[in-house]
Amino acid sequence: MSAGEEGYNAFVTARYAALRRTAYVLTGNHHDAEDLVQTALMKAAGVWGRIHERPEPYVRRIMYHENISRWRRRRVAEELDGHDAAVEHADATVDRIVIANALARLTPKQRTVLVLRYVEDLTEQQAATVMGVGVGTIKSQTRHALTRLRRLAPELVGHMEPADA
Amino acid sequence: MTHQLREAFRNLADGADLAPDAPPPHDLWRRGRRRRRQRVVSSVLVASAVLAVLGAVVPGVGGQLRTTPAPASYDEADLAVPDRIWAPGRWRPTADDEHPPGPLAVVASAERRGVWPFRKEHRLFGVSAVDQSYSWLDLPGQATGEEARGVALSPDGLRVGYFLGGSPPGPRTQVSDPWMASEPQSDVVGFAVLDLVTGDVRRHRVRTRFGLALDDRGLVWSADSGWLAVTYGRYQRTMGSASLPVTQTLRPADGAVRTLLEPGSGVSALVPGPDGTMVGWHESRGELAFLSLGTSEPTVRPVPLPPSDTSPGPPVFNPSGTRVAVLSGRKEGEGTYPAAYAAAVSADREVGDLTMLDKRWMPHELLGWLDERHVLVQVSPRRYVGTLPPLRILSWDVTDGTTAPGIGRPASDDELEGIVLATDLLRRPLRAAEEPGGRLPPWPVTLTAGVLLSALGVAALGRSRRRREEQALADGTAE
């Protein structure tokens, strides 16, 4: 086993669960989340020589873009698998179900922006760099996403301060 | 809001942990590397396919650049020499034996730039006597050596004579000096005539082991365009040595070849003469030897040239053979300056008193007679402030010494050189000519190049962007 492969395996072992969490928020179901993470990790293996010092930003970036690309390819809105949610989330809180369903109704770009801003805690500038768009786009996408969330999940929005939007 | 939203997202992400805790697949590395290899291979395949398509398309485009076949019929009375000659653009069509250009008024050579930047070469081109259009010329089998670049356009503009190239069979000459070439001395192995209307090529190969030795006056047409006289020597085993030159004539009509001048005749140049003669020029003695193509006994007449350190060039006769013009030199003070002379030739071929071209002009070449008294001479101003005096072609009236513009041409021989005119056609009025196109590529070439460049640009942009993003991520700018 080469040194590159060893380093790669160590990275995968250490970060797989965390990456899967983000992927789950992005995709809304376990199957797609697994698929998304594995695709990003495979691509990372191909360019490991260039990214081995800091691989995680690259992998996450691939996940965001790959998720949007898949949506474009399918050209249909992804529906959260209600059956899975009901079964898998049997013991989840109401808020989790509400936000999962609401996120599923956002566009992948809007979902990605929210993940970058409120899960990854990136600044607008950093999110813009990752998405490969301007800061203005990040701002507008965030605003649209939150507006839509308010409409889709009034239960959740009820906890929100209107001024924050 | 943001705090609650973060809480909600975190809560949602916790849902990922509800799935069975499956470990990551063990073969991700292998699959990732294999995927990368496949992408590289597919990229190579795509590039190969693009190249293959290009290879198929470019010759097709090249084919479109060839001339259409020579006009099936043309009125011989309509043939004319243009009043101006330009260097043609790179994208003018190419004519050869398969796509003959038809009767030509002018043959010359000019720099032709290649498709790739900075690549350029001197190439032969012709100007149609029918419509004054331009085409580059590919003479089949033409020798490539510098000494074999000269060609001879027949006076009627229907044929062009040139030297054939090949590989002389002799062993490579072995020399002790490593700086000297050890190849055969010349790639010239014969001579040929291309019929510019039919595309027929009449070839004559000469038995030679080391190639033929030429000078720049080796090809001369008879005045009636019926014979091409070729003067050459044969290189020998000893480096640089050649046999004494022999002159042979080739009759394109039937391919007949016969010897006109045996080695050692002392004739340094042969020119078309009047009344079915060829005229041998004894440069060292300043004598003309009138040779009948049917008999071998020459009539020798001296030309009373003034003392000069400059060797006189070959004479040029007017259509009736009653006047002759020659380039020589003239002593003036401490030096000798090039000068052009003309003289009357009597019925018994005595050469009369000389007249000289106005000495404001420095003559370079005699191109032919426009009529019985006007000769075209390529000159540059004698007194010129600058490094490279401009060239021009004058019409010189040898009876009164006056000059007038003859045929327009680019001022530099870097642009245009080696002009050969169809001298029979000079007797007719020059035809107003328009500058040839061909500076810009035709649309199939432009379109193909544009599509390719766009594709390459998009690919390069995408690749550069991906690398930049990867680098930015690797540098941590996203964090």
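Model, not experiment: these values are computed from the prediction.

Definitions and limits used
- Counting of residues starts from 1 at the beginning of each chain's written sequence and follows it residue by residue.
- Chain letters and ligand numbers both follow the written order, the letters beginning at A and the numbers at 1.
- Per-residue local features are limited, in this predicted model, to residues with pLDDT of at least 70; the limit for side-chain atom pairs, both in listing and counting, is 80 or more; totals at the level of whole chains, interfaces and linings are taken over all residues.
- Side-chain descriptors were evaluated using all non-hydrogen atoms of the structure, hydrogens and water having been removed beforehand.
- For every residue, the predictor reports its confidence as pLDDT, a number between 0 and 100.
- By the criteria applied, helices consist of DSSP H or I runs no shorter than four residues and strands consist of E runs no shorter than two, each listed in order from the N terminus.
- Residues count as neighbours in contact if any of their non-hydrogen atoms are within 4.5 Å of one another.
- Residues grouped as a nonpolar core are buried Ala, Val, Leu, Ile, Met, Phe, Trp, Tyr and Cys residues, joined through side-chain atoms within 4.5 Å.
- Classification of residues uses two cut-offs on accessible area relative to the type maximum, computed with a 1.4 Å probe and protein chains only: under 20% is buried, over 50% is exposed, and between them is partly exposed.
- Counting of polar contacts relies on pairs of N or O atoms within 3.5 Å, with two restrictions inside protein: one atom must be capable of donating a hydrogen and the other of accepting it, and residues adjacent in sequence are counted only when both atoms are side-chain atoms.
- A pair of strands counts as paired when DSSP detects no fewer than two bridges linking them.
- Put simply, a patch holds well-exposed residues, over 30% relative accessible area, that have no salt bridge, with like charges counted together within 9 Å and Val, Leu, Ile, Met, Phe, Trp or Tyr side chains within 5 Å.
- Note on areas: Shrake-Rupley, 1.4 Å probe, and residue coverage restricted to the protein chains presented here.
- Salt bridge, as applied in this entry: a Lys or Arg side-chain nitrogen positioned within 4 Å of an Asp or Glu carboxyl oxygen.
- In summary, the charge assignment counts Lys and Arg as positive and Asp and Glu as negative, without counting His or the chain termini.
- We put the charge of a Lys on NZ, of an Arg on CZ, of an Asp on CG and of a Glu on CD.
- Helix axes are fitted only over the stretch in contact, all axes being lines through C-alpha atoms; the angle between N-to-C directions runs from 0 to 180 degrees.
- Geometry of aromatic contacts follows a simple scheme: Phe, Tyr and Trp rings, the Trp one being its six-membered ring, pair when their centres are within 6.5 Å, and the pair is stacked under 30 degrees between planes, edge-to-face over 60, tilted otherwise.
- To get the bend at any residue, fit one axis to the seven residues that end at it and another to the seven that begin at it, then take the angle between the two axes.
- Whether a set of points on the 1 Å grid over the protein atoms alone is a cavity depends on a 1.4 Å probe fitting there but being unable to get out, while an open set qualifies as a pocket with protein on both sides within 12 Å along at least five of seven lines; lining residues are those with an atom within 4 Å of a point.
- Grid points are joined across faces, edges and corners, and a volume is the space filled by probe spheres set on the points.
- Put simply, Ala, Val, Leu, Ile, Met, Phe, Trp, Tyr, Cys and Pro go in the nonpolar bin, Asp, Glu, Lys and Arg in the charged bin, and everything else, Gly too, in the polar bin.

Peer 1: Looking at this model, I keep getting lost on the confidence of the model for chain A. Mind explaining?
Peer 2: Reading predicted coordinates in detail is not appropriate for stretches of low pLDDT. Residue and element names in this part refer to chain A. In the predicted model, chain A carries a mean pLDDT of 77, and the fraction of residues at 70 or more is 78%. At the level of individual helices and strands, chain A shows its lowest average pLDDT in helix α5 (residues 82-88), which scores 41, and its highest in helix α2 (residues 30-46), which scores 90. In this model, residues 158-165 is a region of pLDDT below 50 whose contacts with residues beyond four sequence positions or in other chains number 11 contacts.

Peer 1: How do you make sense of the nonpolar core when you look at a structure like this?
Peer 2: For soluble globular proteins, nonpolar side chains are generally found buried alongside one another. Counting residues in each nonpolar core, the largest one holds 55 residues, and the members touching the most others are Y8(A), L41(A), V59(A), M63(A), L103(A), L114(A) and F9(B). The element contributing the most residues to this core is helix α1 (residues 3-27) of chain A, with nine residues. Setting aside anything within four residues of it in sequence, one finds F9(B) in contact with V25(A), I99(A), L103(A), L114(A), Y118(A) and V119(A). Counting residues in each nonpolar core, the second largest holds 40 residues, with A108(B), V160(B), I393(B) and L416(B) among its members.

Peer 1: I'm lost on the side chain of D96(B) in this one. Help?
Peer 2: Residues and elements named next belong to chain B. Topologically, D96 is positioned in the loop between β1 (94-95) and β2 (104-113). Of the polar contacts made by the side chain of D96, one reaches the backbone nitrogen of E98; its length is 2.9 Å. A polar contact is formed between the side chain of D96 and the backbone nitrogen of H99, at a distance of 2.8 Å.

Peer 1: What should I look at first to understand the sheet that holds strand β21 (residues 351-356) of chain B in this one?
Peer 2: The strands that make up a sheet are held in pairs by hydrogen bonds between backbone atoms, and each pair lies either parallel or antiparallel. Residues and elements named next belong to chain B. With antiparallel pairing, four strands are arranged side by side in an open sheet as β18-β19-β20-β21. Strands at the two margins of the open sheet, each flanked by one partner only, are β18 (316-317) and β21. Relative to strand β19 (residues 323-332), β18 runs antiparallel, the two being bridged by two bridges. In the sheet register, V316 faces β19, and the bridge partner there is A325.

Peer 1: Before we go on, may I ask you to explain a negative patch on the surface in this structure?
Peer 2: Residue and element names in this part refer to chain B. On the surface, a cluster of negative charge is contributed by E111, D413, D414 and E415. Tracing the backbone through its elements, the reader meets E111 in strand β2. Judged by its relative accessible area of 32%, E111 falls in the partly exposed class.

Peer 1: Can you help me understand the sheet that holds strand β23 (residues 374-381) of chain B in this one?
Peer 2: Residues and elements named next belong to chain B. One open sheet holds the four strands; their spatial order is β22-β23-β24-β25, and the pairing between them is antiparallel. Looking at the sheet topology across the chains shown, the edges are occupied by β22 (361-369) and β25 (403-405). The sheet shows a mean angle of 35° between the axes of neighbouring strands, taken without regard to direction. For β23 and strand β24 (residues 392-397), the ladder comprises six bridges, and the chain directions are antiparallel. Within β24, the residue paired with H374 across the bridge is D397.

Peer 1: Just checking my understanding: could you explain the packing of aromatic side chains for this structure?
Peer 2: Two aromatic rings are characterised by how far apart their centres lie and by the angle between their planes. Per the counting criterion, the structure on display carries six aromatic pairs over all chains. Ring centres of F11(A) and W48(A) lie 6.0 Å apart, and the angle between their planes is 45°; this geometry places the pair in the tilted category. Highlighted residues: F11(A) in helix α1 and W48(A) in helix α3 (residues 48-51), separated in sequence by 37 residues. For the residue pair F11(A) and W48(A), the accessibility class agrees, reading buried in each case. Plain terms: the ring middles of F125(B) and W136(B) are 6.1 Å apart, the flat faces sit at 75° to each other, and that makes the pair edge-to-face. Taken together, the positions of F125(B) in strand β3 (residues 120-128) and W136(B) in strand β4 (residues 134-137) put the pair 11 residues apart, joining distant regions of the chain.

Peer 1: Which parts of the structure should I look at to understand the pattern of salt bridges?
Peer 2: Two side chains carrying opposite charge are able to pair once their charged atoms lie near each other. Under the definition given, this model contains 16 salt bridges over all chains. With its nearest N and O atoms 2.6 Å apart, the salt bridge here joins E332(B) to R382(B). A residue pair is termed long-range when its members are at least 10 positions apart, and E332(B) in strand β19 and R382(B) in the loop between β23 and β24 qualify at 50 residues. Accessibility expressed as a relative area gives 24% for E332(B), which makes it partly exposed. What you see here is one network of salt bridges that share partners, running through R15(A), E56(A), R60(A) and E120(A).

Peer 1: What's the story with the side chain of S186(B) in this structure? I'm lost.
Peer 2: Residue and element names in this part refer to chain B. With respect to the secondary-structure elements, S186 resides in the loop between β6 (159-165) and β7 (188-195). Look at S186 and you get buried, because its relative accessible area is 5%. Polar contacts involving the side chain of S186 include one to the main-chain amide nitrogen of V188, which spans 2.9 Å. Within the structure, S186 has its side chain in polar contact with the backbone oxygen of L212 (distance 3.0 Å). Residues in contact with S186, not counting those within four places in the same chain, are E147, P168, F210, G211, L212 and Y235.

Peer 1: What exactly am I supposed to notice about α1(A) here?
Peer 2: Given 3.6 residues per helical turn, the α-helix brings residues three or four places apart onto the same face. Residues and elements named next belong to chain A. The principal kink in α1, of about 55°, is found at R15. Those residues of α1 that sit buried are Y8, F11, V12, Y16, L19, R20, T22, A23, Y24, V25, L26 and T27. Immediately downstream of α1, the backbone of G28 shows phi near 90°, a positive value.

Peer 1: It is not clear to me how empty space enclosed by the protein should be interpreted in this structure. Could you clarify?
Peer 2: To find leftover empty space, a probe the size of one water molecule is rolled over the atoms. Residues and elements named next belong to chain B. Counted under the stated rule, the structure contains five cavities of 30 Å³ or more. Counted as a void, the largest cavity has a volume near 80 Å³. Considering the residues around the largest cavity, the lining is formed by 13 residues, among which P338, A339, K359, W361 and R382 are closest to the centre. Those elements giving two or more residues to the lining of the largest cavity turn out to be β20 (335-345) and β22. If you tally residues by element for the lining of the largest cavity, the top one is β20, at four residues. Residues belonging to the lining of the largest cavity are distributed by class as follows: nine nonpolar, no polar and four charged.

Peer 1: What should I look at first to understand the pairing of β2(B) in this one?
Peer 2: Residues and elements named next belong to chain B. Buried residues dominate β2, accounting for eight of its 10 residues. Sheet topology note: the β2/β3 ladder contains nine bridges and is antiparallel. Bridge pairing in β3 places E111 opposite H122. In terms of strand pairing, β2 meets strand β26 (residues 416-421) through four bridges, oriented antiparallel. When the sheet's bridge partners are listed, V106 is paired in β26 with L421.

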